Amino acid sequence: MWASQRTWPNQSIGFLNIDSSSYMNTIANLITRDGIASNSSCFKNMFFKRNFPKSDQEEYELVTSAFTLFELPDRASRFQHLSLLWNKLKKDGYLVLVENGNKNGFNLINEAREFFFKEIFDPKKIINRAEIDNGHIFSPCPHSQTCPLVTENLVCRFFVRFKPLKVYDWGKGNDANEEFPYSYIVLKKSPLPETKIWPRLVYRQPLKIRGGIIHSWLCTEDGNVEHLVASKNRNKTSRSLLRYSKLGDSLPIHLDNKK
C-alpha cells in the first residue's frame, strides 16, 4: 500500500486487503495507525476482509499475492487461488506474485507461470505461445518459453534492501541494512505488445573485480540465458550500462553483436 501511494501520490486509490486470519488483519490495520487503534489510518480508502468478494463485478487494476502460495496445502488449491486472482483482475490490469527467493519459492513462481500459460493464457492449446492474446508476462521474463534457469537448476531471484524493525538488538547497529531475496512474476491481462523486448539482467558477479571485467547473464526474448563479458576494452557500451544497472533491469543491448 505504501509503494502504491508513493507511486501514485495524486490519485485516489482504494485498497482491499484479504487475509483469512482476523488477527493478521487487526495487526495490519494497527500498523497503518502507528499501533494505536484510535488513530486515523494513513490510508483513506482501506478495507480488510477474510475472503474475496463473491461478486463477479468487483474487479481491480492491481492484484498482489505475496508469500501466499507457500501456505496453500497442494497444487490444486494453488491453481484455484491463481484462477480467483486472475478473475478479479480488470482488463489491462496487473497481477503480481511474490515468494521467497530460494529454490522452493522460485519453484512456486515457475509453477504459477506454467499454469497461466497452459490453463489461462492458452485455453485452446496454441502451440506458439506468441499467439496468445488474453494475457502475457510483463516482468521479469522477456519471453514466453520454458524458463532456462529451471533447466540449469538455478534460481531466478532479486534482492531488496531494508532496515529491520528496532525490536531486537542484533548487534549490527541501529543503521544496519539487510538484503532480502525474492522471486516474482508480473502478469498483465492484455495481448503481448508488438515491440522490441530487451534482455533482462538476471545474474551478475560482484562489480569490484580485478581488471574491471564484468560477467553478467541476461535472459533473452528467445528463451535463453546469455553470458556477457564486458571490460574497458571489450563491449564498452555494455559495460557502462551494467555498471549502473540492478538485477531485473531491462538493458538495450543487442546480444547478436554484444555492443
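Scroll up for the structure.
The rules behind the values
Residues numbered from 1 in each chain as written. Predicted model: local features only at pLDDT ≥ 70, side-chain atom pairs only at ≥ 80, totals over all residues. Heavy atoms only, no water. Helix = DSSP H or I, 4+ residues; strand = E, 2+ residues; numbered from the N terminus. Buried < 20%, exposed > 50% of the residue type's maximum accessible area, 1.4 Å probe, protein only. Contact = heavy atoms within 4.5 Å. Areas by Shrake-Rupley, 256 points an atom, 1.4 Å probe, with all protein chains shown as cover. Salt bridge = Lys/Arg side-chain N within 4 Å of Asp/Glu carboxyl O. Arc of directions from axis to C-beta. Axes fitted to C-alpha atoms, helices over the stretch in contact; angles between N-to-C directions. Left-handed = near helix turned anticlockwise from the far one by under 90°.

(A) How the structure looks around the overall build of the protein. Scanning the protein from N- to C-terminus turns up 6 helices and 10 strands. The buried share among the 259 residues of the protein stands at 35%. Pairs at least 24 residues apart make up 63% of the contacts formed inside the protein by residues separated by at least 6 positions. In the form shown here, the protein has an accessible surface area of approximately 16900 Å², with 50% of it arising from carbon and sulfur atoms.

(B) Quick look at the pattern of salt bridges. As enumerated under the stated definition, the model contains 5 salt bridges in all. Residue R75 pairs with E111 through a salt bridge whose shortest N-O separation is 3.0 Å. You can see R75 sitting in helix α3 (residues 75–87) and its partner E111 sitting in helix α4 (residues 103–120), a full 36 residues away along the chain. Overlapping salt bridges, with partners in common, bring together R75, R78 and E111 in one network.

(C) Structural context of helix α6 (residues 236–243). When we look at burial in α6, the residues that qualify are S238, R239 and L242. Down the axis of α6, the sector holding all buried residues measures 100°, keeping them to one side. Along α6, the residues that are exposed and aim more than 90 degrees away from the buried face are K236 and T237. Residues of α6 that are buried sit in contact with β8 (200–204), β9 (214–219) and β10 (225–230).

(D) Broad picture of the packing of α3 against α4. Here α3 crosses α4 at 65°, and the two axes come no closer than 11 Å. α3 and α4 meet at a crossing whose hand is right-handed. Across the interface between the two elements, R75, R78, F79, L82, S83 and W86 from α3 touch L108, E111, A112, F115, F116 and I120 from α4.

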